[in-house]
Amino acid sequence: MALVLLFVTVVLFSVCEVSMNAVYRVGDSAGWTMIDHPDYKRWASTKRFHVGDTLIFTYLTQYHDVMEVSHHDYVHCKTNSAKAVYHTGSDSVSLTKPGEFYFICSNDGHCSAGQKLHIKSSSNNAAIIRNFYLTIATVFALCIYKTNSLTDHIN
Ligand SMILES: [Cu+2]
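Heads up: these notes are all about the structure in this document. (Residues numbered from 1 in each chain as written. Predicted model: local features only at pLDDT ≥ 70, side-chain atom pairs only at ≥ 80, totals over all residues. Heavy atoms only, no water.)

Core analysis: the biggest nonpolar cluster contains 19 residues, and Trp-32, Trp-43, Leu-55, Phe-57, Phe-103, Leu-117 and Ile-119 have the highest contact counts within it. Mapped by element, the contributors of at least two residues to this core are helix 2 (40–45), strand 3 (54–58), strand 7 (99–104) and strand 8 (116–122). Among the elements that line this core, the one with the most residues is helix 2, at 3 residues. Sequence-distant contacts of Leu-117, defined by excluding residues within four places in its chain, comprise Val-26, Trp-32, Tyr-40, Trp-43, Ala-44, Leu-55, Phe-57, Tyr-74, Phe-101, Tyr-102 and Phe-103. Within the second largest apolar cluster, 6 residues are counted, among which are Val-69, Tyr-102, Ile-104 and Cys-111. (Core = buried A, V, L, I, M, F, W, Y, C linked by side-chain atoms within 4.5 Å. Buried < 20%, exposed > 50% of the residue type's maximum accessible area, 1.4 Å probe, protein only. Helix = DSSP H or I, 4+ residues; strand = E, 2+ residues; numbered from the N terminus. Contact = heavy atoms within 4.5 Å.)

In structure tokens, the structure reads:
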């Protein structure tokens, strides 16, 4: 019984580790594009982003790029004061801090046609708390296991 508990705990632990740092492909299979005008607002709204997560922008470099911009520039599709520019066609962007992130494509008309993305990343508090409880569960399971094996020896 204790072994089963221990096993479940270890499995839960590894699932947690994985979910702590998620990788998201922006637009899923569509990628970062103008084709069929993906709804990036809707795409982002179905996810919860956390510090440590990574966004992957995939696109054809002859048509698009990725600019990280301020909220103002995001709203007005301004491309002249980008915080960062990516143009490899397969860009990984890590969410290094909690807060708002704004991305646009700098090519003419793309941002205003909807090729823009707003992400809100939150701190990992929930994951930390979850891991804390899992640690306690593991210690508890180990204690039961130890007690059981001691009892086995006595009997
Ligand atoms: Cu574009």
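Turning next to the sheet that holds strand 4 (residues 66–69). Taken together, the 5 strands give an open sheet; going across it, the order is 2-8-7-4-5, and neighbouring strands pair in mixed fashion. Each edge of the open sheet carries a strand with a single partner, namely strand 2 (49–50) and strand 5 (84–86). Note that strand 4 and strand 5 share 3 bridges and pair antiparallel. The residue bridging Glu-68 from the neighbouring strand is Ala-84, located in strand 5. (Pairing = 2+ DSSP bridges.)

Let us now look at the coordination of the copper ion. Within the protein, the atoms that donate to the copper ion are His-64 (ND1), Cys-105 (SG), His-110 (ND1) and Gln-115 (OE1), at distances of 2.0 to 2.1 Å. Coordination at the copper ion comes from 4 donor atoms whose angles at the metal span 96 to 132°, giving a geometry best classed as tetrahedral. (Donors = N, O, S within 2.8 Å, 3.2 Å for Na, K, Ca; no water. Tetrahedral: all angles 85-135°; square planar, octahedral: opposite > 155°, others 65-115°.)

Counted under the stated rule, the structure contains 1 disulfide. With its sulfur 2.1 Å from that of its partner, Cys-77 forms a disulfide with Cys-111. One quick way to see it: the torsion about the S-S bond of Cys-77 and Cys-111 is about -75°, and its sign makes the bridge left-handed. Here Cys-77 is found in the loop between helix 3 (71–76) and strand 5, whereas its partner Cys-111 is found in the loop between strand 7 and strand 8, with 34 residues between them in sequence. Residue class for Cys-77 comes out partly exposed when judged on its relative accessible area of 21%. Owing to a relative accessible area of 4%, Cys-111 belongs among the buried residues under this scheme. (Disulfide = S-S within 2.5 Å.)

Purely geometric stuff here, so don't read any function into it on its own.
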